[in-house]
Amino acid sequence: MPFSDLDRAAVARALAQIAQHEDDRPEAYFERLEEVELPPDTPPARGAGGGQVPGLAVRREDGFALRLSRGGRSWLAARDGIEPRLFAEALRQVARVLPTAVYPEPQLPVRPWPGPPRAEEMLAFPSRLQRAIRTRHVAFPLGLTLRRHRRHIQVVHLDPSAEGERESFYSCAVELPWGGYGTLFTELDEGTVDRLASTLVGLFRSRHALPPEAFQGTVVLAPAAAAVLLHEAVAHALEADVLAQGGKPDAAVGVELGSSLLNVLDDPGAAPKGVRRSTDDEGVPICRRWLLRAGVVAEPLADTSWASGSDALIAGAGRRGGRHSAPSPRSSHLELLPGTQSIEELLAGAEGGLYIAEARRGALDPESGRFELEVPYARRIRGGIATDPVGRCRIIGRVAELLAGVNGLGSDARAAGAGWCAKGGRKLPVWATCPTLRIEGVEIEP
Amino acid sequence: MKRSAELSKTLDVLRARGLDEAEALTKTGRGRRLERGPDTEVVSFHEERGWAVRAGGDRSSFFVCGTGALDPEAPWPEPNGLPIRLPKASPATAWNEPDDFDAPLVGEREGLRLLTSIEEELARELPGARLIYGVLEDGSSETGIVNTKGVVARIKTRVAALRLDAAFGRGGAARTAIYLAEREARRFRPRALARRLADQLAVAAPPAGEGRDRGEILLAPAVGQRMIAELLPLLVGPRAGDLASRLRDRRGRVASEHLTVIDDGRLAGGLFAAPADGEGVATRETVLIEGGAFRQPLLAWWQAPGGEARPAGCSRRASWRDLPKPGPTHLYVDVRDGVPVGGLLEEVRRGYYLIDSSGPASFDFEEDRFSLPVAGFAVHAGRATAPVSGASLEGGIGAFLKGIQALGRDLTFAPMEGMIGCPTLLVTGLEVKKGKT
């Protein structure tokens with residue numbers, strides 16, 4: 001851990017110097033980031049040249065941010081690099097005092113970076129993927145960009161007891177002649193290769209399929225697609241800052257948002273190994289948070305800033321896009337509790353509808369509750385099975401109507417639907433565990 | 001060690017390792033961000049210091065970047081990637097640094113007062129309208145680039161950006177947003193911005209009615225900018241020439257004679273005006289379309305080896321973490337033939353004045369079709385008669401380019417992919433589709 005030698009007590013003592021009011025909450029956030037990128041294995045268009053990605057790219061960052069929160073206001077100062085002088089400068093900025101003011105410069109020992117990173121597992125991945133695609137008796141051109149992300153953080157408050165956290169995962173972006181696909185993994189094992197190959201082959205086989213006519217009917221969402229829907233329609237809808245756009249966030253507690261089948265949690269402690277957390281990005285212990293209990297809003301997502309002004313909101317869901325931005329309430333690992341139905345039973349109740357294996361992206365208008373989910377391809381359900389493919393389409397509607405239409409839950413909950421969430425320009429990895437989901441009365445548009 | 005010494009020492013070390021093509025970059029910057037949302041206010045200050053090195057030769061290369069000072073003796077990795085070539089030094093061209101680069105950043109009170117003023121002016125312009133979210137960012141940076149081919153460049157930038165989200169009506173039935181950038185935050189005018197938000201909110205209500213209609217269509221700069229940004233595949237990169245050639249008419253034109261499109265990396269007063277691009281290549285003006293005739297695409301030095309097209313310094317780096325990527329800097333429609341906008345509106349006998357565009361657009365260059373979500377007003381005899389919302393502007397890409405009848409003088413830039421500039425455009429030959437038809 002790069003921050004294991006950090007004297008957290010000394011940092012806390014320095015922070016104590018800028019707390020002037022009873023409700024002042026000073027905080028120091030240290031981060032170390034490493035991203036190793038393997039670009040697509042395609043030669044430049046006209047020979048080698050500038051502007052082309054030169055092999056494994058390595059990005060390494062150390063930095064910190066100091067923040068002073070007072071009621072709904074906060075002041076934040078961020079720096080690249082971790083040095084006592086920079087820390088004292090940042091303290092002066094958040095305290096908003098003249099540069100002549102003298103603040104302590106605590107020793108900030110940070111372990112040096114090891115030598116250049118090794119990434120054999122990444123270098124081997126493209127050929128493993130190609131092999132897995134060929135075993136499905138197809139071949140097509142693809143441009144794979146694979147990245148390994150490592151993040152260490154340490155948050156210190158006046159109470160310096162919070163331990164550091166570490167995350168490690170991979171992201172991939174695949175460019176295909178008929179569109180792109182992106183996902184996240186925590187390991188590059190055989191299961192990962194197999195799932196990615198299956199998804200890409202599914203996109204390949206449906207590339208010429210025509211979009212469906214606009215209709216209102218039943219859809220069955222596989223776990224990956226259900227996760228994207230819940231991320232947009234439940235997680236974003238229940239973030240305290242999003243709720244505040246329409247009034248007081250605590251007023252949402254007790255509101256019936258969807259079908260009584262829906263029990264949705266945010267639990268960063270149950271996320272896949274490698275990204276599992278015990279504290280959030282504000283150093284607050286995480287909790288197993290019930291977003292929806294039997295379709296009713298229970299505990300919206302909140303960080304310390306939103307929780308400090310409310311009895312109904314609980315902190316522990318503060319996430320940061322990086323040291324340069326303040327934390328805001330976001331989900332980390334969304335969990336939809338499984339039902340009892342088999343996939344066959346779910347399909348049997350969706351005659352004429354669509355089976356949707358993947359969803360590309362969603363969007364929610366928090367004020368109107370209008371929701372849209374992009375679907376790259378689907379399959380028409382006939383006679384209780386998913387048959388011929390249909391092309392790109394959209395699920396549209398209002399969140400409450402969509403969630404009220406849930407009438408079936410599979411027993412097959414699994415980790416699925418991981419991806420990047422870029423709300424407000426802050427890109428964060430999000431994870432989910434979901435079963436198959438059936439919704440009636442859904443509006444589909446080409 | 002001084003920054004210039006860090007850079008040249010790094011090149012020496014890499015050369016000594018047999019890496020003939022090596023480039024080192026350092027960047028420092030500072031900025032202030034003021035963010036106001038429902039019940040929250042965040043004031044941030046940040047200072048950045050980063051570096052990037054790419055090096056290799058005709059067999060392989062590496063790219064590494066990091067925070068803090070550049071250490072020439074760092075344990076550089078073995079080159080394991082694609083071969084690399086770097087640009088040679090360009091002939092020196094005159095460059096006068098704008099005098100407002102070093103103006104102080106916006107203060108906390110000053111910035112928050114700007115957001116408050118916009119909020120108050122908006123409520124005055126359109127009672128019941130409210131600002132949901134406002135972010136003001138003001139920052140400056142300095143980048144140094146050297147390479148083993150003799151490139152030595154120093155680039156300074158100064159940018160203030162403003163994002164405003166506003167709502168109107170019960171439950172926020174109408175919503176709109178604007179995002180704009182200036183050299184300094186002090187150039188944002190609260191009353192003008194509030195008026196623009198109020199105009200956009202007035203036409204952002206849920207759509208009423210369905211149908212398709214044609215007529216004379218006036219596109220405000222915000223809509224024209226969006227159209228030009230969506231047409232970038234026709235203007236930028238090695239494939240652009242092929243795409244544009246499909247739109248040529250019998251006279252060899254791809255657009256109306258009124259249309260001249262230019263990219264200029266050193267545009268006077270331009271937000272990203274600089275003597276060199278993100279690889280240290282000298283910037284210049286490049287005419288892409290002139291009087292409706294396609295002249296050449298915008299190409300970086302490595303995309304046009306020995307061809308007819310003249311390359312330009314047009315590689316941009318989003319930050320020190322990113323590799324340079326060719327793209328527009330200030331790409332705009334020339335307004336030398338422009339007329340007053342009031343005159344253009346008077347010319348519309350029956351048609352539309354479209355003032356806003358938000359939401360996903362679809363541009364199909366193979367099929368020569370596009371659809372762009374728009375909002376604005378129906379116009380009769382030069383007067384706005386009814387709001388039009390939830391509509392889309394549709395037609396052929398070639399029909400749009402060739403259907404430009406006149407230009408306004410109100411050239412305005414918006415931060416999109418680079419800065420995209422467009423005046424008001426009077427266009428015929430397109431359709432406005434309302435509702436679900």
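Residues numbered from 1 in each chain as written. Chains lettered and ligands numbered in written order. Predicted model: local features only at pLDDT ≥ 70, side-chain atom pairs only at ≥ 80, totals over all residues. Heavy atoms only, no water.

Undergrad: Now, about the overall build of chain A: what can you tell me, with residues and values included?
TA: Helix and strand counts for chain A stand at 9 helices and 24 strands. Taking 446 residues into account, the globule formula puts the C-alpha radius of gyration at 22 Å, and chain A, at 24 Å, falls close to it. For chain A, the spread of C-alpha atoms along the principal axes amounts to about 75 × 60 × 35 Å. Going through the 446 residues of chain A one by one, you find that 57% of them count as buried. Considering only intrachain contacts with a sequence separation of at least 6, the fraction spanning at least 24 residues in chain A is 72%. (Helix = DSSP H or I, 4+ residues; strand = E, 2+ residues; numbered from the N terminus. Rg over C-alpha atoms; globule rule 2.2 N^0.38 Å. Buried < 20%, exposed > 50% of the residue type's maximum accessible area, 1.4 Å probe, protein only. Contact = heavy atoms within 4.5 Å.)

Undergrad: Hey, could you go over the overall build of chain B for me, with residue numbers and the actual values?
TA: Check the secondary structure of chain B and you find 7 helices and 23 strands. Compactness check: chain B gives a C-alpha radius of gyration of 24 Å against a globular reference of 22 Å for 437 residues, within 12% of the reference. A principal-axis box enclosing the C-alpha atoms of chain B has dimensions of 75 × 60 × 35 Å. Burial statistics for chain B: of 437 residues in total, 57% are counted as buried. Once local pairs closer than 6 in sequence are excluded, the contacts in chain B between residues at least 24 apart make up 69%. Split by element, the accessible area of chain B, about 18500 Å² in all, is 49% carbon and sulfur. Charge-centre separation for chain B: the mean point of 60 positive side chains lies 1 Å from the mean point of 59 negative side chains. (Areas by Shrake-Rupley, 256 points an atom, 1.4 Å probe, with all protein chains shown as cover. Lys, Arg positive; Asp, Glu negative; His and termini not counted. Charge placed at Lys NZ, Arg CZ, Asp CG, Glu CD.)

Undergrad: So, the layout of surface pockets: which residues are in play, and what are the values?
TA: Volume-wise, the second largest pocket comes out at about 1000 Å³. Forming the walls of the second largest pocket are 48 residues, and the residues nearest its centre are B:Arg49, B:Trp51, B:Thr67, B:Gly68 and B:Ala69. If you list the elements that add at least two residues to the lining of the second largest pocket, you get β2 (57-70), β3 (73-80) and α2 (84-95) of chain A together with β1 (21-37), β2 (40-56), β3 (61-67), β4 (130-147) and β5 (152-168) of chain B. Its residues assigned to classes, the lining of the second largest pocket shows 19 nonpolar, 10 polar and 19 charged. (1 Å grid on protein atoms, 1.4 Å probe; cavity = no way out; pocket = protein on both sides within 12 Å on 5 of 7 lines; lining within 4 Å. Points joined across faces, edges and corners; volume = space filled by probe spheres on them. Nonpolar A, V, L, I, M, F, W, Y, C, P; charged D, E, K, R; others polar.)

Undergrad: Can you tell me about the packing of helix α3 (residues 120-134) of chain A against helix α4 (residues 190-205) of chain A, naming the residues and giving the values?
TA: Residue and element names in this part refer to chain A. Between α3 and α4, the shortest axis-to-axis distance is 9 Å and the interhelical angle comes to 55 degrees. Put simply, α3 runs oblique to α4. The interaxial crossing formed by α3 with α4 has right-handed handedness. In contact with Phe125, Arg128, Leu129, Ala132 and Ile133 of α3, α4 contributes Glu190, Thr192, Val193, Leu196, Ala197, Leu200 and Val201. Among the residues forming the contact of α3 with α4, the class breakdown is 9 nonpolar, 1 polar and 2 charged. (Axes fitted to C-alpha atoms, helices over the stretch in contact; angles between N-to-C directions. Parallel < 35°, antiparallel > 145°, perpendicular 65-115°, else oblique. Left-handed = near helix turned anticlockwise from the far one by under 90°.)

Undergrad: Lay out empty space enclosed by the protein with the relevant residues and their values.
TA: Where empty space is left can be seen by rolling a probe of water-molecule size over the atoms. Counted according to the given criterion, the structure contains 2 cavities of 30 Å³ or more. In this structure, the largest cavity encloses a volume near 100 Å³. Secondary-structure elements contributing two or more residues to the lining of the largest cavity are β11 (318-319) and β23 (428-434) of chain A. Its residues assigned to classes, the lining of the largest cavity comprises 6 nonpolar, 4 polar and 5 charged. Counted as a void, the second largest cavity has a volume near 70 Å³. Lining the second largest cavity are B:Ile228, B:Leu231, B:Leu234, B:Leu235, B:Ala244, B:Leu247, B:Val254, B:Leu259, B:Val261, B:Ile289, B:Phe294 and B:Leu401. Residue classes in the lining of the second largest cavity are distributed as 12 nonpolar, no polar and no charged.

Undergrad: I'd like a rundown of the sheet that holds strand β11 (residues 293-294) of chain B, residues and numbers included.
TA: Strand-to-strand pairing in sheets goes through backbone hydrogen bonds, with the strands running parallel or antiparallel. Residues and elements named next belong to chain B. With mixed pairing, the 6 strands of this open sheet are ordered in space as β11-β10-β9-β14-β21-β20. Whereas interior strands pair on both sides, the edge strands pair on one side only; in this sheet they are β11 and β20 (412-416). By the bridge criterion, 3 bridges tie strand β9 (residues 261-264) to strand β14 (residues 330-333) in an arrangement that is antiparallel. Bridge pairing links Ile262 to Tyr332 in β14. Running over the sheet, helix α4 (residues 221-230) touches β14, β20 and β21 (418-422) and is turned about 125 degrees from β21. (Pairing = 2+ DSSP bridges.)

Undergrad: Give a description of α4(A) that names residues and reports values.
TA: All names here are of chain A. For α4, spanning 16 residues, the distance from its first C-alpha to its last is 22 Å, which sits close to the expected 22 Å at 1.5 Å a residue. Where α4 is concerned, the buried positions are Thr192, Val193, Leu196, Ala197, Thr199, Leu200, Val201, Gly202, Leu203 and Phe204. If you follow the buried residues of α4, they end up packed against α3, β5 (165-176) and β6 (179-185). (Expected span 1.5 Å × (residues − 1).)

Undergrad: An account of the side chain of A:Glu282 is requested, with residue identities and associated values reported.
TA: All names here are of chain A. Counting through the fold element by element, Glu282 comes out in the loop between β8 (264-266) and β9 (289-293). Only 2.5 Å separates the side chain of Glu282 from the side chain of Arg67, close enough to count as a polar contact. Aside from chain neighbours lying at most four places away, what touches Glu282 is Glu27, Arg67, Val155, His157, Asp303, Thr304, Gly318 and Pro327. (Polar contact = N/O pair within 3.5 Å; in protein donor to acceptor, adjacent residues only side chain to side chain.)

Undergrad: Tell me what's going on with unusual backbone geometry, and back it up with residues and numbers.
TA: Residue and element names in this part refer to chain B. At Asp39, a position not held by glycine, the phi torsion is positive, near 65 degrees. Relative to the helices and strands, Asp39 is located in the loop between β1 and β2. Unusually for a residue other than glycine, Asp368 sits at a positive phi of about 55 degrees. For Asp368, the position within the fold is in the loop between β16 (362-364) and β17 (369-380).

Undergrad: I'd like to hear about the packing of helix α2 (residues 108-125) of chain B against helix α3 (residues 190-202) of chain B, residue by residue, with values.
TA: Residue and element names in this part refer to chain B. One way to put it is that α2 packs onto α3 with a least axis distance of 8 Å and a crossing angle of 45 degrees. It follows that α2 is oblique to α3 by the angle criterion. Of the two elements, α2 crosses α3, and the hand of that crossing is right-handed. Between α2, through Leu114, Ser117, Ile118, Glu121, Leu122 and Glu125, and α3, the contact on the second element is made entirely by Pro190, Arg191, Leu193, Ala194, Arg195, Leu197, Ala198 and Leu201.

Undergrad: Any details on α3(A)? Residues and values, ideally.
TA: All names here are of chain A. Here α3 contains 15 residues, and its C-alpha end-to-end distance of 22 Å stays within 8% of the 21 Å for a straight helix at 1.5 Å per residue. Regarding α3, the residues found buried are Met122, Phe125, Arg128, Leu129, Ala132 and Ile133. Taken together, the buried residues of α3 touch β1 (25-38), β4 (143-156), β5, β6 and α4.

Undergrad: Can you break down the interface of chain B and chain A residue by residue, with the values?
TA: With 50 residues of chain B in contact, the opposing surface of chain A contributes 48 residues. Where chain B abuts chain A, roughly 4100 Å² becomes buried across the two surfaces, and 49% of that area is made up of carbon and sulfur atoms. Three residues, B:Phe45, B:Glu47 and B:Trp302, lead the burial of chain B against chain A; their summed loss comes to 16% of the area buried on that side. Linking chain B with chain A are 7 salt bridges, by the criterion used here. With its nearest N and O atoms 3.8 Å apart, the salt bridge here joins B:Asp39 to A:Lys248. Where chain B touches chain A, the interface holds 21 residue pairs in polar contact (both at pLDDT 80 or more). Contributing elements (two or more residues each) for the side of chain B that touches chain A: β1, β2, β3, α2 and β4 of chain B. Among the elements that take part in the side of chain B that touches chain A, β2(B) stands out by supplying 11 residues, more than any other. Its residues assigned to classes, the side of chain B that touches chain A comprises 24 nonpolar, 11 polar and 15 charged. (Buried area = accessible area lost by both parts, 1.4 Å probe. Salt bridge = Lys/Arg side-chain N within 4 Å of Asp/Glu carboxyl O.)

Undergrad: Summarise the packing of aromatic side chains; cite the residues concerned and give the values.
TA: Tallied over the entire structure, the rule returns 15 aromatic pairs over all chains. A ring pair is formed by B:Phe62 and B:Trp76, whose centres lie 6.3 Å apart and whose planes are at 15 degrees; its orientation type is stacked. With a gap of 14 residues between them, B:Phe62 in strand β3 and B:Trp76 in the loop between β3 and α2 connect regions that are remote in the sequence. Since its relative accessible area comes to 1%, B:Phe62 is described here as buried. Taken together, A:Phe3, A:Phe30, A:Phe64 and A:Phe87 form an aromatic cluster joined through their ring pairs. Positioned over the ring face of A:Trp113 is A:Arg32, at 4.1 Å from the centre of the ring. (Phe/Tyr/Trp six-rings, centres within 6.5 Å; stacked < 30°, edge-to-face > 60°. Lys NZ or Arg CZ within 6 Å of the ring centre and 35° of its normal.)

Undergrad: Give a detailed account of the pattern of salt bridges, specifying residues and quantitative values.
TA: This structure, assessed with the given rule, holds 77 salt bridges over all chains. In this structure, A:Arg85 and A:Glu83 form a salt bridge, with 3.7 Å as the shortest nitrogen-oxygen distance. What makes A:Arg85 partly exposed here is its relative accessible area of 45%. Taking relative accessible area as the criterion, A:Glu83 reaches 36% and is therefore assigned partly exposed. The partner of B:Glu137 in a salt bridge is B:Arg33, and the shortest N-O contact between them spans 3.5 Å. Here B:Glu137 is found in strand β4, whereas its partner B:Arg33 is found in strand β1, with 104 residues between them in sequence.

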